[in-house]
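# Residue-level structural notes
So you can see what is in the structure, the chains are spelled out below.
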Amino acid sequence: MVAMGLNIRSFTKSLFILALLFCASITLNASADAQLTKSARIVLKDDQTRFYIGDQLYITQDDDKSLSPNVIFNRYQSNLRGIRSTNKLINLGLTNSHSIMAFSLTNNSLTEDWYLNFGRLIDGRQSTVKNVKITNILTNETTNIEPIDYKNSIGPAVAVSVKRNNTQFFVVSYEQEGGFANTVKPYFISKENHHNKGQN
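Described below are features of the structure shown in this document. All values reported here derive from a predicted model rather than from experimental measurement.

This part takes up the side chain of E175. With respect to the helices, strands and loops of the structure, E175 is situated in strand 11 (residues 166-176). Reaching out from E175, the side chain makes a polar contact with the side chain of K65 at a distance of 2.9 Å.

Moving on: the packing of aromatic side chains. If you walk through the whole model with that rule in mind, you get eight aromatic pairs. Both rings, one in F103 and one in F188, keep their centres 6.0 Å apart while their planes meet at 80°; by these two values the pair is edge-to-face. On the criterion of sequence distance, the pair formed by F103 in strand 6 (residues 98-107) and F188 in strand 13 (residues 187-190) is long-range, its members being 85 residues apart. F188 carries the same exposure label as F103, and that label is buried. Seen in terms of ring centroids, F118 and Y174 are 5.0 Å apart; in terms of plane orientation they differ by 50°. Their pairing is tilted. Of this pair, F118 sits in the loop between strand 7 (113-117) and strand 8 (129-136) while Y174 sits in strand 11; the two residues are 56 residues apart in sequence, bridging distant segments of the chain. Judged by its relative accessible area of 0%, F118 falls in the buried class. Three or more aromatic residues joined by ring pairs make a cluster, and in this case those are Y58, F73, Y76 and F169.

Overall, antiparallel pairing links the four strands, which are arranged 2-13-7-10 in an open sheet. Each of the sheet's edge strands pairs with one partner strand only, and the pair in question is strand 2 (50-52) and strand 10 (157-161). Adjacent strand axes in the sheet meet at a mean angle of 25° when their direction is disregarded. Two strands pair when backbone bridges link them, and strand 7 and strand 13 are joined in this way by four bridges, in the antiparallel orientation. The partner of N117 across the bridge, within strand 13, is Y187.

Basis of the calculations
Residues numbered from 1 in each chain as written. Predicted model: local features only at pLDDT ≥ 70, side-chain atom pairs only at ≥ 80, totals over all residues. Heavy atoms only, no water. Helix = DSSP H or I, 4+ residues; strand = E, 2+ residues; numbered from the N terminus. Polar contact = N/O pair within 3.5 Å; in protein donor to acceptor, adjacent residues only side chain to side chain. Phe/Tyr/Trp six-rings, centres within 6.5 Å; stacked < 30°, edge-to-face > 60°. Buried < 20%, exposed > 50% of the residue type's maximum accessible area, 1.4 Å probe, protein only. Pairing = 2+ DSSP bridges. Axes fitted to C-alpha atoms, helices over the stretch in contact; angles between N-to-C directions.

Set out below in C-alpha coordinates:
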(Lines give C-alpha, C1' and ligand atoms only; values in the text may rest on other atoms or scores of the structure.)
Protein backbone atom coordinates (compact mmCIF):
# COMPACT_ATOMS: atom_id res chain seq x y z
CA MET A 1 0.00 0.00 0.00
CA VAL A 2 2.88 2.35 0.86
CA ALA A 3 4.60 1.58 -2.41
CA MET A 4 1.36 2.17 -4.30
CA GLY A 5 0.93 5.55 -2.57
CA LEU A 6 4.47 6.54 -3.47
CA ASN A 7 3.90 5.53 -7.08
CA ILE A 8 0.71 7.61 -7.26
CA ARG A 9 2.46 10.65 -5.77
CA SER A 10 5.39 10.18 -8.14
CA PHE A 11 3.05 9.85 -11.10
CA THR A 12 1.09 12.94 -10.04
CA LYS A 13 4.32 14.92 -9.63
CA SER A 14 5.47 13.84 -13.11
CA LEU A 15 2.16 14.93 -14.61
CA PHE A 16 2.46 18.30 -12.90
CA ILE A 17 6.00 18.81 -14.22
CA LEU A 18 4.90 17.82 -17.75
CA ALA A 19 2.01 20.28 -17.55
CA LEU A 20 4.37 23.06 -16.50
CA LEU A 21 6.76 22.26 -19.36
CA PHE A 22 3.88 22.20 -21.84
CA CYS A 23 2.61 25.60 -20.66
CA ALA A 24 6.13 27.04 -20.83
CA SER A 25 6.53 25.72 -24.37
CA ILE A 26 3.27 27.33 -25.49
CA THR A 27 4.29 30.65 -23.92
CA LEU A 28 7.71 30.64 -25.58
CA ASN A 29 6.25 29.76 -28.99
CA ALA A 30 3.62 32.47 -28.72
CA SER A 31 6.30 34.98 -27.77
CA ALA A 32 8.48 33.94 -30.72
CA ASP A 33 5.56 34.20 -33.12
CA ALA A 34 4.68 37.64 -31.78
CA GLN A 35 8.27 38.84 -32.21
CA LEU A 36 8.44 37.50 -35.76
CA THR A 37 5.15 39.14 -36.67
CA LYS A 38 6.23 42.41 -35.13
CA SER A 39 9.66 42.46 -36.75
CA ALA A 40 9.03 40.96 -40.17
CA ARG A 41 5.48 41.79 -41.16
CA ILE A 42 3.95 45.07 -42.36
CA VAL A 43 0.31 45.57 -41.41
CA LEU A 44 -1.97 48.00 -43.28
CA LYS A 45 -4.82 49.50 -41.26
CA ASP A 46 -7.39 52.25 -41.66
CA ASP A 47 -5.94 54.53 -38.98
CA GLN A 48 -3.09 56.03 -41.05
CA THR A 49 -2.58 57.73 -44.41
CA ARG A 50 1.00 56.57 -44.99
CA PHE A 51 2.65 53.40 -43.78
CA TYR A 52 6.43 53.81 -43.84
CA ILE A 53 8.07 50.40 -44.20
CA GLY A 54 11.81 51.12 -44.39
CA ASP A 55 12.43 49.59 -40.98
CA GLN A 56 10.31 46.51 -41.71
CA LEU A 57 12.03 44.87 -44.68
CA TYR A 58 15.14 43.04 -45.83
CA ILE A 59 17.56 44.26 -48.50
CA THR A 60 19.82 42.26 -50.82
CA GLN A 61 22.31 43.85 -53.21
CA ASP A 62 22.13 42.27 -56.67
CA ASP A 63 24.23 44.34 -59.06
CA ASP A 64 24.43 41.60 -61.69
CA LYS A 65 20.64 41.00 -61.50
CA SER A 66 21.06 37.26 -61.04
CA LEU A 67 18.47 36.75 -58.28
CA SER A 68 14.88 36.12 -59.31
CA PRO A 69 11.94 36.88 -56.99
CA ASN A 70 11.43 33.16 -56.35
CA VAL A 71 15.09 32.73 -55.41
CA ILE A 72 14.77 35.64 -52.97
CA PHE A 73 11.64 34.06 -51.46
CA ASN A 74 13.32 30.66 -51.10
CA ARG A 75 16.30 32.30 -49.43
CA TYR A 76 13.95 34.18 -47.13
CA GLN A 77 12.28 30.94 -46.08
CA SER A 78 15.72 29.46 -45.39
CA ASN A 79 16.51 32.43 -43.12
CA LEU A 80 18.89 33.95 -45.70
CA ARG A 81 16.90 37.16 -45.77
CA GLY A 82 19.54 39.75 -46.57
CA ILE A 83 20.26 42.82 -44.47
CA ARG A 84 17.49 43.87 -42.11
CA SER A 85 16.79 47.57 -42.56
CA THR A 86 16.38 49.42 -39.26
CA ASN A 87 15.56 52.94 -40.51
CA LYS A 88 12.59 54.31 -42.41
CA LEU A 89 15.02 56.28 -44.63
CA ILE A 90 17.15 53.71 -46.46
CA ASN A 91 20.59 54.45 -47.90
CA LEU A 92 21.14 52.02 -50.78
CA GLY A 93 24.74 53.17 -51.33
CA LEU A 94 26.37 55.15 -54.12
CA THR A 95 27.90 52.12 -55.83
CA ASN A 96 24.91 49.76 -55.65
CA SER A 97 23.00 49.93 -58.91
CA HIS A 98 20.40 47.27 -58.16
CA SER A 99 18.78 46.43 -54.83
CA ILE A 100 16.10 43.93 -53.83
CA MET A 101 13.67 44.54 -50.98
CA ALA A 102 11.61 41.71 -49.50
CA PHE A 103 8.80 41.85 -46.99
CA SER A 104 5.56 40.25 -45.80
CA LEU A 105 2.43 42.40 -45.92
CA THR A 106 -0.89 41.90 -44.13
CA ASN A 107 -3.88 43.98 -45.16
CA ASN A 108 -6.21 44.60 -42.21
CA SER A 109 -7.77 47.67 -43.81
CA LEU A 110 -10.93 48.13 -45.88
CA THR A 111 -8.85 49.12 -48.91
CA GLU A 112 -7.42 46.69 -51.46
CA ASP A 113 -5.81 49.11 -53.92
CA TRP A 114 -2.54 50.63 -52.74
CA TYR A 115 0.62 52.27 -54.02
CA LEU A 116 4.12 51.52 -52.87
CA ASN A 117 5.82 54.90 -53.02
CA PHE A 118 9.59 55.25 -52.62
CA GLY A 119 9.50 58.61 -50.90
CA ARG A 120 8.85 62.26 -51.57
CA LEU A 121 11.61 64.82 -51.79
CA ILE A 122 10.53 66.25 -48.44
CA ASP A 123 10.94 62.75 -46.97
CA GLY A 124 14.62 62.73 -47.84
CA ARG A 125 14.47 60.70 -51.03
CA GLN A 126 17.43 61.56 -53.27
CA SER A 127 17.61 58.40 -55.34
CA THR A 128 16.77 58.76 -59.02
CA VAL A 129 14.96 55.61 -60.02
CA LYS A 130 15.72 53.87 -63.30
CA ASN A 131 13.41 50.88 -63.04
CA VAL A 132 11.20 49.29 -60.38
CA LYS A 133 9.32 46.00 -60.41
CA ILE A 134 7.28 44.50 -57.59
CA THR A 135 6.35 40.82 -57.57
CA ASN A 136 3.64 39.22 -55.48
CA ILE A 137 5.05 35.76 -54.81
CA LEU A 138 1.73 34.11 -53.98
CA THR A 139 -0.09 35.37 -57.09
CA ASN A 140 3.03 35.49 -59.31
CA GLU A 141 2.02 38.96 -60.54
CA THR A 142 4.66 41.56 -61.41
CA THR A 143 3.93 45.29 -61.70
CA ASN A 144 6.24 47.98 -63.11
CA ILE A 145 6.62 51.57 -62.03
CA GLU A 146 4.07 54.02 -63.40
CA PRO A 147 5.72 56.53 -65.81
CA ILE A 148 3.51 59.38 -64.56
CA ASP A 149 5.30 59.30 -61.21
CA TYR A 150 8.75 58.65 -62.57
CA LYS A 151 10.66 61.70 -61.40
CA ASN A 152 8.23 64.10 -59.80
CA SER A 153 8.15 65.43 -56.26
CA ILE A 154 5.64 62.82 -55.10
CA GLY A 155 8.16 60.10 -55.80
CA PRO A 156 8.17 56.97 -57.93
CA ALA A 157 5.28 54.63 -57.10
CA VAL A 158 4.06 51.16 -58.01
CA ALA A 159 0.42 50.02 -57.88
CA VAL A 160 -0.16 47.11 -55.52
CA SER A 161 -3.35 45.12 -54.94
CA VAL A 162 -3.73 43.26 -51.65
CA LYS A 163 -6.92 41.45 -50.66
CA ARG A 164 -8.48 42.35 -47.34
CA ASN A 165 -7.61 40.17 -44.34
CA ASN A 166 -4.86 38.57 -46.40
CA THR A 167 -1.08 38.23 -46.07
CA GLN A 168 1.15 38.40 -49.15
CA PHE A 169 4.90 38.27 -49.72
CA PHE A 170 6.46 40.89 -52.02
CA VAL A 171 9.83 41.18 -53.71
CA VAL A 172 10.80 44.61 -55.03
CA SER A 173 13.47 45.03 -57.68
CA TYR A 174 14.83 48.59 -57.45
CA GLU A 175 17.33 49.91 -60.00
CA GLN A 176 18.70 53.41 -59.49
CA GLU A 177 20.46 55.78 -61.88
CA GLY A 178 23.42 56.47 -59.60
CA GLY A 179 25.40 59.67 -59.26
CA PHE A 180 23.28 60.86 -56.32
CA ALA A 181 22.80 59.84 -52.72
CA ASN A 182 20.67 56.74 -53.20
CA THR A 183 18.25 57.28 -50.34
CA VAL A 184 14.62 56.14 -50.42
CA LYS A 185 11.83 56.25 -47.84
CA PRO A 186 9.28 53.68 -49.01
CA TYR A 187 5.71 53.77 -47.80
CA PHE A 188 2.29 52.39 -48.66
CA ILE A 189 -0.53 54.78 -49.41
CA SER A 190 -4.05 53.98 -50.59
CA LYS A 191 -4.87 54.58 -54.25
CA GLU A 192 -7.36 57.28 -53.30
CA ASN A 193 -4.90 59.17 -51.11
CA HIS A 194 -2.11 58.75 -53.64
CA HIS A 195 -4.12 60.53 -56.33
CA ASN A 196 -5.83 63.08 -54.10
CA LYS A 197 -3.26 63.89 -51.44
CA GLY A 198 0.04 62.69 -52.82
CA GLN A 199 1.52 66.16 -53.02
CA ASN A 200 0.76 66.94 -49.37
